[in-house]
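Per-entry structural report
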Amino acid sequence: MPDTDTPLLECRGLTKSFATPQGALTVLDGIDLVLERGESLALMGESGSGKSTLMHLVAGLDSFDRGSLRLGGEELGELSDRPLARLRRERIGLIFQQFHLVPSLDVRANLTLQARLAGRFDPDWCAHLLDRLELAGLERRYPEQLSGGQQQRLAIGRALAVRPELVLADEPTGNLDERAAGAVLELLLNLIDEHGCALMMITHSPAVAAPLKRRYRLTHGRLVDTTTDGA
Ligand SMILES: Nc1ncnc2c1ncn2[C@@H]1O[C@H](COP(=O)(O)OP(=O)(O)OP(=O)(O)O)[C@@H](O)[C@H]1O
């Protein structure tokens, strides 16, 4: 059972460098961040500022050099590969700009795949998601037979099907035209709210970041809280 007294996500002094031919490149230089359950946070910053790097660390997809990264009180830096993979499968939903759907699986199979792998498949919840994402009736179609907006709605459904505690979204509307992007963003935020999970979303767009509860900018390896800027 989740320990509701500890923050969902807690980063302290998180530091990450990459080896490059020119020497070590420090991308994250002592990141402190707390995200409570159900909170939404936009992560902004120049291209190359380290947004994807931070998201990969939070998702347990890459290791860090120093500091602490706790998800629901569990220190990710102390987990070996298998428990880390399990934590990622069961507690985190990932949404990418490029959808990353499985082309050989139909809509229903794509939506339920991660939930089944995690042993968290709930047919009623998945049917509800298909309905809310306006994909009901399209269950037997394959990704290539869907519009960009439908594909991204399916990717959102796949992330939420597992009933995650945290959704990590990297430019989830970046591949869509303005109208489709607005509709997809609204659905994502409504579903996140309905399910009560937390959201960390990378975006370059102030308009996309605006409805989220908190807004941060990554610059020179540090996080700057910009939530009240222009408010
Ligand atoms: N595996 C790697 N090896 C070396 N350098 C890397 C590696 N991954 C990322 N970098 C560098 O780290 C920096 C941060 O990259 P990152 O992808 O996190 O930026 P970003 O803010 O997400 O950028 P964008 O908005 O363009 O997606 C960049 O300078 C990038 O070139």
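About the cut-offs
- Along each chain, residue indices are assigned from 1 in the same order as the chain's sequence is written.
- In keeping with the model being predicted, local features are shown solely for residues with a pLDDT of at least 70 and side-chain atom pairs are shown and tallied solely at 80 or more, while totals for entire chains, interfaces and linings include all residues.
- To get the side-chain values, take all heavy atoms of the structure and skip hydrogens and water.
- Burial classes follow relative accessibility: with a 1.4 Å probe on protein chains only, a residue under 20% of its type's maximum area counts as buried, one over 50% as exposed, and anything between as partly exposed.
- Only DSSP runs of H or I covering at least 4 residues are called helices, and only runs of E covering at least 2 are called strands; the numbering of each starts at the N terminus.
- The directions from the helix axis to the C-beta atoms are what the arc is built from.
- Working rule for contacts: check all heavy atoms of both residues, and any pair within 4.5 Å makes them a contact.
- Paired strands, as defined in this entry, are two strands with at least two bridges between them according to DSSP.
- What makes a residue near a molecule or strand is one non-hydrogen atom of that residue sitting within 4 Å of it.
- N or O atoms within 3.5 Å of each other form a polar contact, as long as, within protein, one can give a hydrogen and the other can take it, and as long as residues adjacent in sequence are counted only when both atoms are side-chain atoms.
- Each accessible area is a Shrake-Rupley estimate made with a 1.4 Å probe; only the visible protein chains count as cover when residues are assessed.
- Throughout, the ten residues Ala, Val, Leu, Ile, Met, Phe, Trp, Tyr, Cys and Pro are labelled nonpolar, Asp, Glu, Lys and Arg are labelled charged, and all others, Gly among them, are labelled polar.
- Any Phe, Tyr or Trp ring, taking Trp's six-membered ring, that has another such ring centre within 6.5 Å forms a pair; planes under 30 degrees apart are called stacked, those over 60 apart edge-to-face, and the others tilted.
- Either the NZ atom of lysine or the CZ atom of arginine qualifies as a charge over a ring when it sits within 6 Å of the ring centre and within 35 degrees of the ring normal.
- With a 1 Å grid laid over protein atoms only, a set of points is called a cavity when a 1.4 Å probe fits there but cannot get out and a pocket when it is open yet has protein on both sides within 12 Å along at least five of seven lines; lining residues have an atom within 4 Å of a point.
- Grid points are joined across faces, edges and corners, and a volume is the space filled by probe spheres set on the points.
- Looking down the strands as they point away from the viewer, one classifies a crossover as right-handed if the path from the first strand across the helix to the second runs clockwise.
- In this description, a line fitted to the C-alpha atoms serves as the axis of each element, helices being fitted only across the stretch in contact, and the angle between N-to-C directions of two axes falls anywhere from 0 to 180 degrees.

In the nomenclature of an unreviewed UniProt entry, the protein is known as Putative ABC transport system ATP-binding protein of Kushneria sinocarnis.

Description of helix H2 (residues 81-91)
Given 3.6 residues per helical turn, the α-helix brings residues three or four places apart onto the same face. For H2, the set of buried residues is Leu84, Leu87 and Arg91. Down the axis of H2, the sector holding all buried residues measures 65°, keeping them to one side. In H2, the exposed residues that point more than 90 degrees away from the buried face are Asp81 and Arg82. Considering only its buried residues, H2 is in contact with strand S4 (66-71), strand S5 (74-75), strand S6 (92-96) and strand S7 (166-170).

Observations regarding the sheet that holds S5
The strand order across the open sheet formed by four strands is S2-S1-S4-S5, and the pairing between neighbours is antiparallel. The two strands at the open ends of the sheet, each matched to only one other strand, are strand S2 (23-35) and S5. Note that strand S1 (residues 9-20) and S4 share five bridges and pair antiparallel. Counterpart to leucine 9 in the pairing with S4 is leucine 71.

A few points about the site of the ligand
With respect to spatial proximity, the complete set of residues near the ligand consists of Phe18, Leu25, Val27, Glu46, Ser47, Gly48, Ser49, Gly50, Lys51, Ser52, Thr53 and His204. In the model, an oxygen atom of the ligand is placed 2.5 Å from a nitrogen or oxygen of the serine 47 side chain. One of the backbone nitrogen or oxygen atoms of serine 49 is found 3.1 Å away from an oxygen atom of the ligand. Relative to its free-state accessible area of 640 Å², the ligand is covered by the protein chains to the extent of 59%. Here the element with the most residues in the shell around the ligand is helix H1 (residues 51-58); it accounts for three residues. Among the residues making up the shell around the ligand, the classes are represented as three nonpolar, seven polar and two charged.

Quick look at the packing of aromatic side chains
Within this structure, the stated rule accounts for zero aromatic pairs. In this arrangement the basic side chain of arginine 116 is found over the ring face of phenylalanine 121, its NZ or CZ atom lying 4.0 Å from the centre.

Observations regarding helix H3 (residues 107-117)
Those residues of H3 lying buried are Val107, Asn110, Leu111, Thr112, Gln114 and Ala115. Buried residues belonging to H3 abut H2, S6, helix H4 (123-132) and helix H5 (148-161). Residue aspartate 106 occupies the N-cap position of H3, its side-chain oxygen lying 3.3 Å from the main-chain nitrogen of arginine 108. Taken from the residues just after H3, glycine 119 is the one with a positive phi, measuring 70°.

Comments concerning the layout of surface pockets
Here the largest pocket defines a volume of roughly 280 Å³. Taken together, Ala85, Arg88, Arg89, Ile92, Leu94, Phe96, His100, Val102, Asn110, Leu113, Gln114 and Arg158 make up the lining of the largest pocket. If you list the elements that add at least two residues to the lining of the largest pocket, you get H2, S6 and H3. Partitioned by chemical class, the residues of the lining of the largest pocket number six nonpolar, three polar and three charged.

Details of the pairing of S7
Of all the five residues making up S7, five are buried; the element is thus mostly covered by neighbouring parts of the structure. Because side chains alternate across S7, one face comprises the buried residues Leu166, Leu168 and Asp170, and the other comprises Val167 and Ala169, equally buried. As paired elements, S6 and S7 share five bridges and run parallel to each other. Looking at S7, one finds that phenylalanine 96 is bridged to aspartate 170. What joins S7 to strand S8 (residues 198-202) is helix H6 (residues 178-195), and the crossover it makes is right-handed.

A few points about the sheet that holds strand S10 (residues 222-225)
Across the sheet, six strands lie side by side as S6-S7-S8-S3-S9-S10; this open sheet has mixed pairing. The sheet is open, and its two borders are formed by S6 and S10, each paired with just one other strand. Each strand of the sheet is rotated relative to its neighbour by a mean of 20°, with strand direction disregarded.

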